[in-house]
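Here are the chains, one letter per residue:
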Amino acid sequence: MRENRLSPVRDVDDAARVQQLHLIAAARAAAVRPTSEQQVSDIVRVTVDDEVDTRTFRAIVADISDDVLR
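The structure displayed is predicted, hence computed values, not measured ones.

Description of helix α1 (residues 15-32)
No. 1: Taking 1.5 Å per residue, 18 residues should reach 26 Å; α1 reaches 26 Å between its end C-alpha atoms and fits that length.
No. 2: What α1 keeps buried is the set Arg17, Val18, Leu21, Ala25 and Ala29. Considered in projection along α1, the buried side chains sweep an arc of 105° and stay on one side of the axis. Opposite its buried face, α1 presents the exposed residues Ala16, Gln19, Leu23 and Ala31, each directed more than 90 degrees away.
No. 3: Buried residues along α1 sit in contact with α2 (37-48) and α3 (54-68).
No. 4: Arg33, located one to two residues past α1, shows a positive phi value of around 60°.

So, in structure tokens, the structure goes:
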């Protein structure tokens, strides 16, 4: 069976896709109400899969953590 995945984010033209993934991960984290950065990281990992690089992944986790772990 063929997987229904988008291609990984590779260039600046795909910035909208990164923003979309960020918003999806933020919504999921807000719904779950995690209590640690590790839980936020797990939510983001599942959401972005392997579509973003490590630096972008860490930035998304940090941003979402700032919002939901207050």
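Describing the packing of α1 against α2
Helix-helix packing is described using two parameters, namely the angle between the two axes and the distance between the axes.
No. 1: In the contact formed by α1 and α2, the axes pass within 9 Å of each other and the chain directions differ by 140°. Taken together, α1 and α2 sit at an angle that is classed as oblique. The two elements α1 and α2 cross, and the hand of that crossing is right-handed. Across the interface between the two elements, Leu21, Ile24, Ala25, Arg28, Ala29 and Val32 from α1 touch Ile43, Val44, Val46, Thr47 and Val48 from α2.

Examining the nonpolar core
No. 1: Val44, Val48, Val52, Phe57 and Ile64 are the most contacted members of the largest nonpolar core, which totals 13 residues.
No. 2: Going through the elements one at a time, α1, α2 and α3 are the ones with two or more residues in this core.
No. 3: Not counting the four nearest positions on each side in its chain, Val44 is found in contact with Ala25, Asp49, Phe57, Ile60, Val61 and Ile64.

Thresholds, definitions, all that
- Residues numbered from 1 in each chain as written.
- Predicted model: local features only at pLDDT ≥ 70, side-chain atom pairs only at ≥ 80, totals over all residues.
- Heavy atoms only, no water.
- Helix = DSSP H or I, 4+ residues; strand = E, 2+ residues; numbered from the N terminus.
- Expected span 1.5 Å × (residues − 1).
- Buried < 20%, exposed > 50% of the residue type's maximum accessible area, 1.4 Å probe, protein only.
- Arc of directions from axis to C-beta.
- Contact = heavy atoms within 4.5 Å.
- Axes fitted to C-alpha atoms, helices over the stretch in contact; angles between N-to-C directions.
- Parallel < 35°, antiparallel > 145°, perpendicular 65-115°, else oblique.
- Left-handed = near helix turned anticlockwise from the far one by under 90°.
- Core = buried A, V, L, I, M, F, W, Y, C linked by side-chain atoms within 4.5 Å.

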